[in-house]
There are 4 protein chains.
Amino acid sequence: MVVVMSADATQADVAEVVELVRSVGAEAFVSRGVSRTIVGLVGDAGALGMLSLRGRRGVSDVVRISVPFKLVSRENHPERSVIEVGGVPIGPGSLTVIAGPCAVETPAQTLAAARMARAAGATLLRGGAFKPRTSPYAFQGLGETGLKILADVRDETGMPVVTEVVDPASVELVASYADMLQVGTRNMQNFALLQAVGSASRPVLLKRGMSSTIEEWLMAAEYIAQRGNLDIVLCERGIRTFEKATRNTLDVSAVPIAQRLSHLPVIVDPSHSGGRRDLVLPLSRAAVAAGADGLIIDVHPDPAIALCDGDQALVGADLAELAGQITGLAALMGRTAATAVQEPIRSRGR
Amino acid sequence: MVVVMSADATQADVAEVVELVRSVGAEAFVSRGVSRTIVGLVGDAGALGMLSLRGRRGVSDVVRISVPFKLVSRENHPERSVIEVGGVPIGPGSLTVIAGPCAVETPAQTLAAARMARAAGATLLRGGAFKPRTSPYAFQGLGETGLKILADVRDETGMPVVTEVVDPASVELVASYADMLQVGTRNMQNFALLQAVGSASRPVLLKRGMSSTIEEWLMAAEYIAQRGNLDIVLCERGIRTFEKATRNTLDVSAVPIAQRLSHLPVIVDPSHSGGRRDLVLPLSRAAVAAGADGLIIDVHPDPAIALCDGDQALVGADLAELAGQITGLAALMGRTAATAVQEPIRSRGR
Amino acid sequence: MVVVMSADATQADVAEVVELVRSVGAEAFVSRGVSRTIVGLVGDAGALGMLSLRGRRGVSDVVRISVPFKLVSRENHPERSVIEVGGVPIGPGSLTVIAGPCAVETPAQTLAAARMARAAGATLLRGGAFKPRTSPYAFQGLGETGLKILADVRDETGMPVVTEVVDPASVELVASYADMLQVGTRNMQNFALLQAVGSASRPVLLKRGMSSTIEEWLMAAEYIAQRGNLDIVLCERGIRTFEKATRNTLDVSAVPIAQRLSHLPVIVDPSHSGGRRDLVLPLSRAAVAAGADGLIIDVHPDPAIALCDGDQALVGADLAELAGQITGLAALMGRTAATAVQEPIRSRGR
Amino acid sequence: MVVVMSADATQADVAEVVELVRSVGAEAFVSRGVSRTIVGLVGDAGALGMLSLRGRRGVSDVVRISVPFKLVSRENHPERSVIEVGGVPIGPGSLTVIAGPCAVETPAQTLAAARMARAAGATLLRGGAFKPRTSPYAFQGLGETGLKILADVRDETGMPVVTEVVDPASVELVASYADMLQVGTRNMQNFALLQAVGSASRPVLLKRGMSSTIEEWLMAAEYIAQRGNLDIVLCERGIRTFEKATRNTLDVSAVPIAQRLSHLPVIVDPSHSGGRRDLVLPLSRAAVAAGADGLIIDVHPDPAIALCDGDQALVGADLAELAGQITGLAALMGRTAATAVQEPIRSRGR
């Protein structure tokens, strides 16, 4: 941290800051210039943070200079991590596609969507049983019935299941059915939920808050990691901006930045970013080209009657096109796409 | 809702939309123009919303035209509501100040802060026992110990207590100590929590999500109302924008707008909006002048050692100034400020 | 400036930065900590800015710590300035209202609007002759014909005239008719225009860019000041955010912040901020309560047929209400509002 | 346009709206529903826009439903355009790279940068002679001297020149040296400048305003087109958001969206979007994968001493890598990249 003293700060003001800093066991280095003095602090950020230096007499500004996360930081863990979900790897080297319906509606719809997903090269099945919806009058998901459907479809197709958890109280229930727990964009700073999934025995897919900075996103991951669960995959899904042509603005730069700051894999959700079917393909290509470790995509056998986000779900022909393009791009990026794989993947006795 | 057909939509495309709309019991009115046809829909928004009309052939856009909330809407409830918190009214006619420390640290600090708050005209005591913090390494609050301190200080000062709840599982516990449950900005779309406080027997202070639209905020209130609890007070607390001179940008326009759309009282948090002590007074005045029904303010007996947000807490001299200015402004706005009251308010056997 | 070295920077990297800094005549102070080294720089910001230190080996970040503007800064000019426009003061002590039609349409409309403005306590007349419009198909203003109408209405009412200038080439023409030159929100970083008004002999009303930070706004003022014109009034007019209930979000915090950073007067435009007639009164009150030195308001004798922004223009009854509320608030803020003045102000031989 | 009447609008209110609409020669279609009436309008948007319907009694909202631009719209011009710049095509089929120094500093620096650009596969040379800078104390460019240097380097390398114009008064001067006129992000709504380049005989590179919507961007292009110049290339260069890890947020979705709405080519500036050298490659790949028709990239022979934006300029090794990756991606996207071409392009008698 650096404390910038105001132009009219006195010697005594500077001395008080230095003393305060030393009182919590940290070091203070004073640099006096022509018009201003700055004090460099080195020590425990937590202890320094509690000093409320910004409110001190003679202090003009306090600037933080080191990253506030540790366990998920790449500084102490230069190798990028590979996270396994029911035997399927996500990380450098591979390009993993997760696909499925936004919401689980019926066994038939879910199975049909899973088969479409497989055809498009997906190796993991997504599907929502608990749906956080802006309106209390919108479809809220099937709950445990939906989890059972997902488990049945996994048995049928061999695709491990990724599904959302919205309440700390139901983490255990969801974990008993699912292979990966998803924390949604609106819950990225639901700290009780982060701590609950941090104690669970399943990998976590952490979506970026639609208005969260990359640093806040990594801090949310740190909450999970701090409880002992380091099997975390980050997912960029678009941020809220002034532009209204898209539902959200895909922040494609977040992919290389998060990969540089953290050792965790980073995937992209092109479906929710744009909120428009016609953008799913170009945004998928952009994400892979930017270096994403995977994609998570909405598919639906009949989008026109989808109970949730039908406007953005891919249909048959799009999927084949997606699979083809992804395979070509993955090769260019030095990754193996499972899209090339023809054999059904069999669940590995989870 | 209005469906805008694309320039190249056929008669059959239009007919299909009309049929689909009628199939869910709604009405469709077709307006044919020179270059485009539009279809006006009237009926149940929920049913219409499920049709995924945007994905239909020939459909260029779907525009929603009525407000999606009902119970909290002023359309069916033109009179503005007054919510009572431990006997203290919040709503038109009065100007209510809630004040206290950001976080409960010790009995002495909380009592001292409460007395400062009283001196500044506050009639409700705020204080955090469960703190949602961006970093897992920051102080997380005292938990139930903090709730007990708040209850003791209420006994001592007669000020009813407002405190935050962060987990559906602890709503009952918090409600057993507090007079009002606060839902924080990061939890505004934590729907499990909204439903839990909606089933509680205490009034709710619903902070606006820092990146939520006014409409989403009112939808969050609707979630609470739908579970049977209509004792909701809305709190504007600044939104996230590109401007970095303030922690957040106080959206003062949200006060008259939310009051026009909803019958619920609207108060303002000038402390968290700006994140700077020197802005608390001007923003408090602006909020009252814009028509706010009250304020919620951070105070701390010694901000320099505060465990949370010390940079923005008001101290002694500021408080007297605040009280004086608020009293003058309240009169101008046709409101009675409790700041004028000298008698200690006694808890009414809650 | 502070240079933060990366965790793996070598001694040689640090030495190179220090040498580079000294090569442009600045000082460098090195603070070595446990995990990182920081280098404090003191010297000419321009020279240091050219070093591209961020790109150097071993450099992790460069943080600027002093304000980049000088002439408009309050640091070297603690007294707040009063700017006179045709004899009417804008600054501390008074509360000045500028009002008039968004666009000059006809002599009759302009005169009627000016009389409404006077009745509402305005002492300066605004009106657009050159209109920057988003669409080339929208009304672009009357040009010099409009300027003549404004000058005639000034002769009739005694109200000095504020009008927009959109092109460096027409600054002289506009200055020959107007008492104050307005630089609009879309031109706040049109540097050729800033330099042209900086060389003109009329005071300037500088609107904040709708997406500009407060610092960029003050830098734009610095451009004008640097050419010799320090008669600048700043005008907050709403910023672009994700919220769509208002055209822009009034950043009321910008008033006290700009007044603290700069000695220039700061006024507010409540009409363009909200873009809704029903918000003009509450936002005007909020602005004055936050400490604004004045207001600029759209009025129109018949908003329903206005050629520009009729949706937000105030009409008769609103104006009387505005005048009454402003007078009361101004007194509370220790300011004299001209709204109380009944005598026509006569132009002072400009 | 659609007029949404409020719930309490009377028959007379509706009739008045209808009459008003018909008075300007447009059609009105009334749809009465259970709780609301809506009126669909078909006619000249300009005439309808002037009616200020939003301010009418009984009117709750007015929703626009057709695009406001015509000449640049793809609706009437389904074929995507190819724009030629000094003989070099930009548009579908090819992938054009424009590169060069942010600012022209010396003949040697510009020539060295041009050679680097050529090596990286660029066929057009960019370089700033007139620089719009946030601070009046920053380097403002060499002016006409810079233009001469660019022309000399074109003669030497055969690369046509793209350079910025910042003032309507200097458009002719710049056009006498340059092959393409660039309108920068801060001038996107400088309508006087748009009209000036619209009358010039050179193609225009129109950068998106950093806070402009895609629609406003296309409206700015419409201003240029309306003056007779349809040789316009759109350039996405990042938008302003809350995220501070990058200078701006590259809105990669804007590429396919602008290409769908307009027939004009769309290129991307990865250098200014991110403002960080380490993002130029991933963002370039993302842009091409999203379908961009080209790139514009900062290069500098010695970024550490660049007078402008050295932090983001590519250097030698990066350029070869860029060229290789672009060639591979272009093939995948069905485009021919000039990066493959080894022969110097000779200026075709401009």
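- An unreviewed UniProt entry lists chain A under the name Phospho-2-dehydro-3-deoxyheptonate aldolase, with Actinomadura macrotermitis as the source organism.

Here's the deal with the interface of chain D and chain A
Right, on to step 1. Counting from both sides, the interface comprises 34 residues of chain D and, opposite them, 34 residues of chain A.
Right, on to step 2. At the boundary of chain D with chain A, total buried surface from both sides reaches about 2,600 Å², with 69% on carbon and sulfur atoms.
Right, on to step 3. Of the charged contacts, one joins arginine 260 of chain A and aspartate 278 of chain D as a salt bridge, the two residues approaching to 2.4 Å between their closest N and O atoms.
Right, on to step 4. Across the contact surface, chain D and chain A share eight residue pairs in polar contact (both at pLDDT 80 or more).
Right, on to step 5. Secondary structure elements with two or more residues in the side of chain D that touches chain A: helix H8 (254–261), helix H10 (277–290) and helix H11 (316–332) of chain D.
Right, on to step 6. If you tally residues by element for the side of chain D that touches chain A, the top one is H10 of chain D, at eight residues.
Right, on to step 7. Residue composition of the side of chain D that touches chain A, grouped by class: 18 nonpolar, eight polar and eight charged.

Comments concerning the relation of the copies chain D and chain A
Copy one and copy two of the chain differ by a rotation about a common axis and a shift along it.
Right, on to step 1. Turning chain D through 180 degrees and shifting it by 0.0 Å along the axis lays it on chain A, with an RMSD of 0.1 Å. Taken together, these values place the two copies in the relation of a two-fold axis. Considering only C-alpha atoms, the part of chain D nearest the rotation axis is alanine 286 of chain D, at 2.0 Å.
Right, on to step 2. Looking at chain D, 100% of its interface residues are interface residues in chain A too, so the copies touch through the same face.

Quick look at the interface of chain B and chain A
The figure often quoted for interface size is the accessible area lost as the parts come together.
Right, on to step 1. Taken together, the contact between chain B and chain A spans 44 residues of the former and 44 residues of the latter.
Right, on to step 2. Interface area, chain B with chain A, both sides summed: about 3,500 Å², of which 50% is carbon and sulfur.
Right, on to step 3. One can count two salt bridges joining chain B with chain A.
Right, on to step 4. A salt bridge links arginine 240 of chain A to glutamate 216 of chain B; the shortest N-O distance between them is 2.6 Å.

Things to note about the relation of the copies chain B and chain A
Right, on to step 1. In screw terms, the move from chain B to chain A is a rotation of 180 degrees and a rise of 0.0 Å along the axis, fitting with an RMSD of 0.1 Å.
Right, on to step 2. Comparing interface residues between copies, 100% of those in chain B also sit at the interface in chain A, which points to an isologous, same-surface contact.

A few points about the packing of aromatic side chains
Residues and elements named next belong to chain B.
Right, on to step 1. Under the definition given, this model contains four aromatic pairs over all chains.
Right, on to step 2. A ring pair is formed by phenylalanine 191 and tyrosine 223, whose centres lie 4.5 Å apart and whose planes are at 25 degrees; its orientation type is stacked. Of this pair, phenylalanine 191 sits in helix H6 (residues 191–198) while tyrosine 223 sits in helix H7 (residues 214–226), placing them 32 residues apart in sequence.
Right, on to step 3. The class of phenylalanine 191 is buried, set by a relative accessible area of 6%.

Quick word on a nonpolar patch on the surface
Right, on to step 1. A cluster of nonpolar side chains, namely Leu71 and Leu230 of chain A together with Tyr137 of chain B, defines an oily patch on the protein surface of about 230 Å² accessible area.
Right, on to step 2. Mapping leucine 71 of chain A onto the fold places it in the loop between strand E4 (59–63) and strand E5 (83–85).

Observations concerning the sheet that holds strand E3 (residues 37–42) of chain D
Residue and element names in this part refer to chain D.
Right, on to step 1. Taking strand neighbours across the sheet as the criterion, the four strands line up as E2-E3-E1-E4 in an open arrangement whose pairing is antiparallel. Two strands bound the open sheet, and with one partner strand each, they are strand E2 (27–32) and strand E4 (59–63). If you compare each strand with its neighbour and ignore which way they point, the axes differ by 20 degrees on average.
Right, on to step 2. Pairing between E2 and E3: six bridges, direction antiparallel. Paired with alanine 28 across the two strands is leucine 41, which belongs to E3.
Right, on to step 3. In this fold helix H1 (residues 11–23) packs onto strand E1 (2–5), E2, E3 and E4, with an angle of close to 160 degrees to the strand it touches most, E2.

Cut-offs applied
- Counting restarts for each chain, with residues numbered from 1 along the sequence as it is written.
- For this description, chains carry letters from A and ligands carry numbers from 1, given in the order in which they are written.
- The model is predicted, so local features are restricted to residues of pLDDT at least 70 and side-chain atom pairs to those at 80 or more, both for listing and for counting; the totals for chains, interfaces and linings are taken over all residues.
- In computing side-chain values, all of the structure's heavy atoms are included and hydrogens and water are not.
- What makes two residues a contact is simply this: any of their non-hydrogen atoms within 4.5 Å.
- The term buried area denotes the loss of accessible surface (1.4 Å probe radius) that occurs when two parts are joined, taken as the sum for both partners.
- The salt bridge definition used is simple: a Lys or Arg side-chain nitrogen within 4 Å of an Asp or Glu carboxyl oxygen.
- Here a polar contact means two N or O atoms within 3.5 Å. Within protein one must be a hydrogen donor candidate and the other an acceptor candidate, and residues neighboring in sequence count only if both atoms are side-chain atoms.
- Helix and strand assignments come from DSSP, with helices taken as H or I runs of at least 4 residues and strands as E runs of at least 2, each series counted from the N terminus.
- Residues are sorted three ways: Asp, Glu, Lys and Arg are charged, Ala, Val, Leu, Ile, Met, Phe, Trp, Tyr, Cys and Pro are nonpolar, and all the rest, Gly among them, are polar.
- A residue counts toward the fit only if its pLDDT is at least 70 in both copies, and the copies are then superposed by least squares on the C-alpha atoms of those residues.
- Think of it this way: a Phe, Tyr or Trp ring, Trp meaning its six-membered ring, pairs with another when their centres are within 6.5 Å, and the plane angle makes it stacked under 30 degrees, edge-to-face over 60, tilted otherwise.
- Only protein chains enter the area calculation, which uses a 1.4 Å probe; residues under 20% of their type maximum are buried, those over 50% are exposed, and those in between are partly exposed.
- Note that patches include only residues with greater than 30% relative accessible area and no salt bridge, and the join distances are 9 Å for like charges and 5 Å for nonpolar side chains (Val, Leu, Ile, Met, Phe, Trp, Tyr).
- Under the convention used here, a 1.4 Å probe and the Shrake-Rupley method define accessible areas, while residue burial counts only the protein chains that appear.
- When DSSP finds two or more bridges between a pair of strands, those strands are recorded as paired.
- With axes taken as lines fitted to C-alpha atoms, and helix axes fitted only over the stretch in contact, angles between N-to-C directions fall between 0 and 180 degrees.

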